[in-house]
Amino acid sequence: MIEMAERGVAQVWRRIKSIYKLQGNKCETCGTHYFPPRLVCPQCRRKGKLEPFTFKGLGTIYTFAVVHQAPEDFKRQMPYVIAQVDLDEGARLTAQIVNVDKEDVKIGMRVRVCFRRIKEFGPGGIIVYGYKFEPTMRVTGHEEKAATTN
Amino acid sequence: MNNRVAIIGVGINKFGELWDKNLMDIAYEAGMYAIWDAGISGADIDGMVIGNMSAGRFTGQEHLGALAVDMAGLGDIPAYSVEAACASGGAAVRQAYMAIKSGEHDLMVVLGCEKMSDVSQSEAMNTISVASDWEWEGTFGGTFPALYAFMARRHMHDYGTTEEHLALPVVKNHANAAHNPFAQFQSPVPLDVVMSSAMLAEPLRVLHSSPVTDGAAGLVVCREDLAKKYTDTPVIIEASDQRSDTLALHDRKSITTMSSVVTSTRCALKQANLELKDIDVLELHDSFSIGEIILTEDVGIAKKGEGGKALEEGITEIGGKFPVNTSGGLKARGHPVGATGVAQIVELVLQLRGDADKRQVDGAEKALAVNIGGTGATSIVHVLGR
């Protein structure tokens, strides 16, 4: 059990900036945003200049699935909604959608990032926290960017 | 360098959940069938390639090349293990093709194998998930079926593909497998049964997905000029092409097309000096039914968005213009991941030789196989001819 925890610790700890704060990077040469951070800009390669960039956490659902069969780590959460979210700055990522009935999730829905428990590294293993997304609400003051072409 | 590469023997075992056999039992069986089929002896073989995705996680064993040579009693010939997730089998075929074309090897055995039923369903699902981007898709709950469900949802949204369309490849492939004695499932499945099966990852259902399978397939390949010594019916590998794409599905511009498939198909046909209309029979990677719909479009049988319609019209049935997955495909023949790419070639060789029995496509002369790794991060295309 201790071994399991130790394994998870380094794996999670080294990505904390990304999974806690949505830190990716931006190529100063071509202006493209990347999440997760890339080692090299695929468009500019050696001419690229990647700088850390923290995403605002607002986006739009590009596609989604409702998972009814999942590995052990996620069994307790089934059925859950997983989606690809287009972040407003341009990158797309995969994350769970929470705080909404699965019947109400739609392509084009506006969402914002939230901080949640993701899973555990086995029984007694460390608990992994990170990003999930939830629908934006008018009361939060987040701009209602039109779900245009999606 | 100008040597063409011929397939002179094929072998495959009955796919299924083979509780009484381990990985090497099934690989040995398929390899020996191929060797007998080719009429060669062990001394003729100067190398082996073995395609496998994840024996280390599925069975605990790695170093399969040496193991296979050892079990087959082939002494000290070199053996190469290759891995490209679900395209490991296709990658093995391509490695042998390149090795012979380069002049380094003359006659090789190619094996594809996977033993998946020794671990729990949950562990099998985790192992398959590492074919996609484990750190950024899998660990956030993006199961492998969910990633294909992403494609299906978007395909339905953009092109009006229906739930019935999603079921059509399954019905067709099960009907084909009913005539394949090596298939895991040899019984037809009616449309309504597919459409009412349990949800896996909405909009995909359990019966839209290929199963957990143990199985192996083998080939004997050699220089074309040597082939005459062993057989009057060699099948030539007329082209081989492989392309890559981003590992994570979310990093692609479009998730309703696999650009790796579009490019590798185009390049392979060009290499073979053929057009799609010249192809008589195809094996397309249908790990999920939406995969077959997308590939039907990406190889050019149907326009983008009209893959479902092509299935509706029966274009891809045996007897149609472009028969797809006469073997039963991954859905019904079974999908032992590392074996699949080789099993596809076995089926096409049988078709080109006229040995496919009740599922025979009359007069088939040219064939094409598409083997996918992950969600399209690897695409390997082979064109065969007689």
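Residues numbered from 1 in each chain as written. Chains lettered and ligands numbered in written order. Predicted model: local features only at pLDDT ≥ 70, side-chain atom pairs only at ≥ 80, totals over all residues.

Attention now goes to the interface of chain A and chain B. Across the contact, 22 residues belong to chain A and 21 residues belong to chain B. Taken together, the residues of the side of chain A that touches chain B break down into 14 nonpolar, six polar and two charged. The sheet contact formed by strand 4 (residues 58–67) of chain A and strand 5 (residues 199–202) of chain B spans two bridges and is antiparallel. Residue pairing in the sheet places A:Val67 in a bridge with B:Ala201 of strand 5 of chain B. (Contact = placed C-beta atoms within 7 Å. Nonpolar A, V, L, I, M, F, W, Y, C, P; charged D, E, K, R; others polar. Pairing = 2+ DSSP bridges. Helix = DSSP H or I, 4+ residues; strand = E, 2+ residues; numbered from the N terminus.)

This paragraph deals with the environment of B:Val194. Residues and elements named next belong to chain B. Following the sequence through the fold, Val 194 ends up in helix 8 (residues 191–195). Looking at Val 194, the number of C-beta atoms within 10 Å reads 23, which means it is buried. For the pair formed by Val 194 and Val 170, sequence separation is 24 residues and the distance between their alpha carbons is 7.5 Å. In this view, Val 194 contacts Ala 167, Val 170, Val 171, Val 189 and Leu 207; residues no more than four positions away in its chain are not counted. (Buried ≥ 20, exposed ≤ 12 C-beta atoms within 10 Å, placed from the backbone.)

Let us now look at the sheet that holds strand 7 (residues 215–223) of chain B. Residues and elements named next belong to chain B. On the basis of which strands lie adjacent, the open sheet formed by nine strands has the order 3-2-4-7-1-8-11-10-9 and mixed pairing. The open sheet terminates on both sides in strands that have one partner only, identified here as strand 3 (79–82) and strand 9 (281–284). Each neighbouring strand pair of the sheet contributes to a mean axis angle of 25 degrees, computed without reference to strand direction. As paired elements, strand 9 and strand 10 (residues 366–373) share four bridges and run parallel to each other. Bridge pairing in strand 10 places Leu 284 opposite Val 370. With respect to the sheet, helix 1 (residues 23–38) is in contact with strand 1 (5–12), strand 4 (107–114) and strand 7, its orientation differing from that of strand 1 by roughly 130 degrees. Helix 4 (residues 88–101) rests against strand 1, strand 2 (47–51), strand 3, strand 4, strand 7, strand 8 (235–244), strand 10 and strand 11 (378–385) of the sheet, and its axis sits at about 170 degrees to strand 4. (Axes fitted to C-alpha atoms, helices over the stretch in contact; angles between N-to-C directions.)

Here the focus is the domain arrangement of chain A. In many reports, interface size means the accessible area that the parts give up when they come together. Residue and element names in this part refer to chain A. Domain assignment breaks chain A into domain 1 (2–13 + 57–140) and domain 2 (23–55). The centre of domain 1, based on its C-alpha atoms, is set 24 Å off from the matching centre of domain 2. Counting from both sides, the interface comprises six residues of domain 1 and, opposite them, six residues of domain 2. Broken down by class, the residue content of the side of domain 1 that touches domain 2 amounts to three nonpolar, two polar and one charged. (Domains from an automatic or database assignment.)

What the three strands build is an open sheet, ordered 2-1-3 (chain A); its pairing is antiparallel. Here the strands that pair on one side only, and so sit at the sheet edges, are strand 2 (33–34) and strand 3 (50–54) of chain A.

Residue and element names in this part refer to chain B. Within the secondary structure layout, Asp 133 lies in the loop between helix 5 (121–129) and helix 6 (144–159). For Asp 133, a count of 24 C-beta atoms within 10 Å puts it in the buried group. In this structure the C-alpha to C-alpha distance between Asp 133 and Trp 19, which are 114 residues apart in sequence, comes to 31 Å. When sequence neighbours within four positions are dropped, the list of residues in contact with Asp 133 reads Leu 247 and Ala 248.

This part is about the domain arrangement of chain B. Residues and elements named next belong to chain B. By the assigned domains, chain B splits into domain 1 (5–119 + 213–235) and domain 2 (130–210 + 237–385). Relative to domain 2, the C-alpha centre of domain 1 lies at a distance of 23 Å. Across the contact, 38 residues belong to domain 1 and 33 residues belong to domain 2. For the side of domain 1 that touches domain 2, the secondary-structure elements that each account for two or more residues are strand 1, helix 4, strand 4 and strand 7. Considering each element in turn, the side of domain 1 that touches domain 2 owes the most residues, eight residues, to helix 4. Among the residues making up the side of domain 1 that touches domain 2, the classes are represented as 22 nonpolar, 12 polar and four charged.

All names here are of chain B. Two elements in contact, helix 7 (residues 163–177) and helix 11 (residues 289–298), have axes separated by 8 Å at closest approach and are oriented at 95 degrees. Compared by their axis directions, helix 7 and helix 11 come out roughly perpendicular. Residue-level inspection shows His 165, Leu 166, Ala 167, Pro 169 and Val 170 of helix 7 in contact with helix 11, the latter providing Ser 289, Ile 290, Glu 292 and Ile 293. Its residues placed into classes, the contact of helix 7 with helix 11 shows six nonpolar, two polar and one charged. (Parallel < 35°, antiparallel > 145°, perpendicular 65-115°, else oblique.)

Take the pairing of strand 7 of chain B next. Residues and elements named next belong to chain B. Counting buried residues in strand 7 gives eight out of nine residues, a clear majority hidden from the surface. Here seven bridges tie strand 1 to strand 7, and the two strands are oriented antiparallel to one another. Across the sheet, Val 10 pairs through a bridge with Leu 219, a residue of strand 7. Pairing between strand 4 and strand 7: eight bridges, direction antiparallel.

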